[in-house]
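Residues per chain are reported as follows:
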Amino acid sequence: MSQAIEIRRRRRWFGGREGAQKRFVAGVTLPAIAFMLVFSLLPIVWAFALAFFDFSPRRAGTPFLGLGGNNPFVGLEHFRQMLDTSTGQSVQVSQFHTALKVTLAFAFLVVPLNLAITLPLAAMIESVHERVKPVFRTVFFLPVLASSVGVAIIWVFVLHPQNGLLNGIIRAFTGKTTQIGWITDARLVFLGIPVALIAVIVAYLWQDIGYNLVIFIAALQAIPQSVKDAARVDGASAWQTFRHITLPLLMPTILLTSILTMISAFQVFDLFQVMTDGGPQDQTRALSLDIYQEAFRFQKMGWAAAVSVVLFALVFVISLAQTRLLRSRWEY
Amino acid sequence: MATTSERVPVSERRDEPRRSGVGRYRASRGLLYVVLIVLGIVAALPFVWMFLSSFKSAAEIRQVPPTFWPQEGTLDNYRTILNDPELPLWLFYKNSAFIAIMNTIATLFTGSILGYVFAKFEFRGRQALFWFILGTMMIPSQVTMLPGYLILMQLRLLNNPWGLIIPSFISAFAVFVMRQFIVSIPNDEIYSARVDGASEWRIYRSIVLPQLGAPLATLGMLTFMFNWNAYLWPLIVLTQPNKRTLPIILYWYSTQHSSQVNLVMAASVLIVIPVLIVFALSQKWIVRGLTLTGGK
C-alpha cells in the first residue's frame, strides 16, 4: 500500500515537473509570439497592404490602420504606374525607374568587384608571417567597424573638388591643376556609369571588403595544409593548386558571401544619403533612398511601400537565382 | 593570388636543393609584402587624412593644392567643437550609449532564453516558430520601416529612445546563434539539476547561461556595434535634435559646417575614433561573430 502511495506521489511529482517545464516554455514563447506578431508579422503584412493604398500619414483614414477613407484603396495602380514607360509619366515614376537602374548597377558592380578584391587579398594575408597577419587584417577590417556616416563624410572630403585628397594626389603625379567634382559633376561618365556612382561604389568597397575578407581568411584556414601539400607533391603548380583544390573547397563560402553581399548592396542607404543625397541629377538615387524620400519627405507612403515591395521581390529573386547558379557550378 | 600555395613544402625542399627555386620563392615573398603594404597604405589613407586634417587651420584646409601634413598643427578645431553650445557632444554620446546598451542587454537576454527553449524543449509549433523568426531576417529593413514608423506613431514612441529599443527586443540572428551553442550543452546537466529540484528559471540562469560566455560576448559586441553605428532607423524615429544619436548629429554638423571642413573632420574624429578603438581592441570577438554568419 505504501508502494502505491509512493508511485502516485512520484507520478504527481513528475507531473508537477512537466507542468513547470510547460509553464516555463509558455512563459518564454508566448511573450515572444506576441512580440513577433506586433513587431515582425504586422509590419510585413502592413507593408504589403500599404502598397495597395494611396496612403499618407498626414491624412486620417478609417480607424482600421488608417487605410481607406481619405487614404483610398487603389489596387494595383502603383504597380501599373511602375510599368509606365511613356514620356508623360509622373516624376515619382521616372525617379523610380532611375532608382531601379542605380541600385541594379550598384549591386551588380559591387558584388564581383568585392569578390575580386577580397578573395586574392585573403589568400595573400593568409600566406604572410603569423606575426604580421593581424596587422594587415586590422588595417582592412577597421572601416567595417566605423560608422558609415563617418566613412561617408571622410570620402566626401577625399573627393572634394578643390581641397580633396584625390585631386591633390592627381596633381602631385601629373603636375596639372585638377578640380574634378567627382560626386557633384553630372557630366562625368565612365563607360556609361556616372562617376558619382563609381565614387559611392569605391567608398562602399572600402568600407565593406573587411567583412568578406575575414570570412575568406577563416575559410582558407579551414582547408587542411596537407591537401594542398599533396597536390604540390603530385606536381601541381601554385595556380593549379589554387584553381583545383582551394577554389572548389571555397565554393560554398563564395556562394554564401556573394548572396549576403548582394543583399546588403541592395539596401545601402547611409553612403548614398550622406555622400550625394541622390545627386547629381538623381545619378545616385538608389532604391532605398527613393523609398525614404517618398515616404518621409513627400509623405507618399503608399507609393513608397509599393517600391519597397519591389525591392523585396528583387532581393528574393536574385538570391534564389544566385543560389541556383552557383550551386550548379560547384556540384558537378 | 596564387601565393597561398607558394609556400614550399619542407619535404620538397629537402629533396631538391635548387638555389633558383628558393630564390624565386624569396622574390615572390618580397613582392607579396610590397603589394600588401601598398594596399594597406591605400586602405588606411582616408582615416589618416581625416585625422591629419582635423589639426589644420581654417585657412590651411582651404589651401589649393591641399597639404597632407598640417603645416602648423592646431587644437583650435577641437576647442571650437567642445565649446559649441549647439553641439553638446556628451548628450549625444549618452543617447547613443543608452540605446546601444539597452538593445544589447535585451538581445542577449531574449536570444539566450529563446535559444535555450528552442534547443532543449519539445513543444507544439516549435519548428514553425523557429523558422518564422529566422524568416524575418530575409525581409529588407526598408519594407518593415514604413509600418514600423506607423506602429511607433500609434504607440507614441516617436522621439523616444525606447522606440528604438522595444521593436528590436528579439534578434532573429541572436536566437539562431544561441540555439546552435546551447544544443551542445549536455542534457544530463539539465536533467540532474532538475532532479535536484532546481526551477526551470534557475537552470537557465545557473546551468545554461554560465556556459555561454564566449558567444554572449561576441553577440554583445556585434549588437552594440550595430546599434552604435545605426543611421536610417534612428533618423526616422528621432526627429527632435536633442534626442538624436551620434551618426545623425555628425551628418547634421557636416551640413551646417560644409565650408569649414577642418571642423567637420575634428567632429568626425571625436565621434568615430573613440569607439573605433574599442571595437578594434575587441576585434577578435567581432570577427568570430561575423564568421559565424559567413561560415556554414
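Residues numbered from 1 in each chain as written. Chains lettered and ligands numbered in written order. Predicted model: local features only at pLDDT ≥ 70, side-chain atom pairs only at ≥ 80, totals over all residues.

When helices and strands are tallied, chain B shows 16 helices and zero strands. In chain B, which comprises 296 residues, the proportion classed as buried is 41%. In chain B, of all internal contacts separated by at least 6 residues, the share reaching a separation of at least 24 is 73%. (Helix = DSSP H or I, 4+ residues; strand = E, 2+ residues; numbered from the N terminus. Buried ≥ 20, exposed ≤ 12 C-beta atoms within 10 Å, placed from the backbone. Contact = placed C-beta atoms within 7 Å.)

Below, the discussion takes up the overall build of chain A. Per the secondary structure count, chain A includes 12 helices and two strands. For chain A, the α and β elements follow one another from N to C terminus as α-α-α-α-α-α-β-β-α-α-α-α-α-α. In summary, chain A has a C-alpha radius of gyration of 27 Å against a globular reference of 20 Å for 332 residues, an excess of more than 25%. Counting only C-alpha atoms, chain A reaches 105 × 75 × 40 Å along its principal axes. Every one of the 332 residues in chain A was classed for burial, and the buried ones make up 40%. Counting contacts in chain A only where the partners sit at least 6 residues apart, residues at least 24 apart contribute 64% of the total. (Rg over C-alpha atoms; globule rule 2.2 N^0.38 Å.)

Attention now moves to the interface of chain A and chain B. Listed as interface residues are 85 residues of chain A and, on the opposing side, 78 residues of chain B. Of the residues assigned to the side of chain A that touches chain B, the class counts are 59 nonpolar, 19 polar and seven charged. (Nonpolar A, V, L, I, M, F, W, Y, C, P; charged D, E, K, R; others polar.)

All names here are of chain A. Phi at L191 takes a positive value of approximately 50°, unusual for a residue other than glycine. Positive phi, close to 65°, is recorded for D282, a residue that is not glycine. Mapped onto the secondary structure, D282 falls in the loop between α10 (270-276) and α11 (287-297).

Once the domains are mapped, chain A shows domain 1 (1-50) and domain 2 (96-330). Between domain 1 of chain A and domain 2 of chain A, the C-alpha centre-to-centre distance is 45 Å. (Domains from an automatic or database assignment.)

Residues and elements named next belong to chain B. Assigned domains within chain B: domain 1 (2-82) and domain 2 (89-294). Here the C-alpha centre of domain 2 lies 34 Å away from the C-alpha centre of domain 1. Listed per partner, the contact involves 12 residues of domain 1 and 10 residues of domain 2. Of all the elements in the fold, those that place two or more residues in the side of domain 1 that touches domain 2 are α2 (19-53), α3 (58-61) and α4 (76-82). Of all the elements, α4 adds the most residues to the side of domain 1 that touches domain 2, at four residues. For the side of domain 1 that touches domain 2, the residue count by class is six nonpolar, five polar and one charged.

In this section: the packing of helix α3 (residues 91-126) of chain A against α11 of chain A. When two helices pack together, their arrangement is given by the angle between their axes and by how far apart the axes lie. All names here are of chain A. As a packed pair, α3 and α11 sit with axes 8 Å apart at the nearest point and diverge in direction by 150°. When the axes of α3 and α11 are compared, the pair comes out roughly antiparallel. Where α3 approaches α11, its residues Q92, Q95, F96, A99, L100 and T103 are matched on the opposing element by L287, D290 and E294. (Axes fitted to C-alpha atoms, helices over the stretch in contact; angles between N-to-C directions. Parallel < 35°, antiparallel > 145°, perpendicular 65-115°, else oblique.)

This part covers the packing of helix α5 (residues 148-158) of chain A against helix α14 (residues 246-256) of chain B. Close contact between α5 of chain A and α14 of chain B brings their axes to 8 Å; oriented N to C, the two are set at 20°. In this view, α5 of chain A runs roughly parallel relative to α14 of chain B, as classed from their interaxial angle. Each of V149, G150 and I153 of chain A in α5 of chain A lies in contact with α14 of chain B, whose residues at this interface are P247, L250, Y251 and S254 of chain B. Of the residues that constitute the contact of α5 of chain A with α14 of chain B, the class distribution is five nonpolar, two polar and no charged.

Between its first and last C-alpha atoms helix α12 (residues 213-229) of chain B spans 24 Å; for 17 residues at 1.5 Å apiece the expected length is 24 Å, and the two agree. Taking burial as the measure, the 17 residues of α12 of chain B include 13 buried ones, the bulk of the element. (Expected span 1.5 Å × (residues − 1).)

Turning our eyes to something else, we now look at the confidence of the model for chain B. All names here are of chain B. Per-residue confidence for chain B gives a mean pLDDT of 85; residues scoring 70 or more make up 90%. Per-residue pLDDT, averaged within each element of chain B, yields its smallest value for helix α1 (residues 10-15) (44) and its largest for helix α5 (residues 89-120) (94). Within the model, the stretch residues 1-20 combines pLDDT values under 50 with 34 contacts to residues more than four positions away or in other chains. Taken over the whole predicted complex, pTM reads 0.85, whereas the ipTM for its chain interfaces reads 0.84. (pLDDT = per-residue confidence, 0-100.)

With that out of the way, let us pick up the environment of A44 of chain B. Residues and elements named next belong to chain B. Along the chain, A44 falls in helix α2. For A44, a count of 15 C-beta atoms within 10 Å corresponds to the partly exposed category. Sequence-wise, A44 and R126 are 82 residues apart; in three dimensions their C-alpha atoms are separated by 48 Å.

Turning next to the environment of N227 of chain B. Residue and element names in this part refer to chain B. Inspection of the secondary structure puts N227 in helix α12. When the 23 C-beta atoms within 10 Å are taken as the criterion, N227 is described as buried. For the pair N227 and Y191, spaced 36 residues apart in sequence, the C-alpha to C-alpha distance is 38 Å.

Right, let's get into the nonpolar core. Core analysis: the biggest nonpolar cluster contains 158 residues, and A152, V200, A203, L213 and M275 of chain A together with L146 of chain B have the highest contact counts within it. Looking at which element gives the most residues to this core, the answer is helix α7 (residues 195-221) of chain A, with 18 residues. Here M275 of chain A is in contact with A152, W155, V156, I183, V200 and A203 of chain A, once residues within four sequence places are set aside. (Core = buried A, V, L, I, M, F, W, Y, C linked by C-beta atoms within 7 Å.)

Moving on, we get to the confidence of the model for chain A. All names here are of chain A. Across chain A, pLDDT averages 85, with 93% of residues at or above 70. Highest mean pLDDT in chain A belongs to α11 (94); lowest belongs to helix α1 (residues 2-50) (78). Across residues 11-15 the pLDDT falls below 50, and counting only partners more than four positions away or on other chains, this stretch makes zero contacts in the model.

This part covers the environment of N114 of chain A. All names here are of chain A. Here N114 is to be found in helix α3. Its 23 C-beta neighbours within 10 Å are what place N114 among the buried residues. N114 sits 148 residues away from M262 along the chain, and the two C-alpha atoms are 10 Å apart. Apart from the residues lying within four places of it in its own chain, the contact partners of N114 are L205, D208, I209, N212 and T261.

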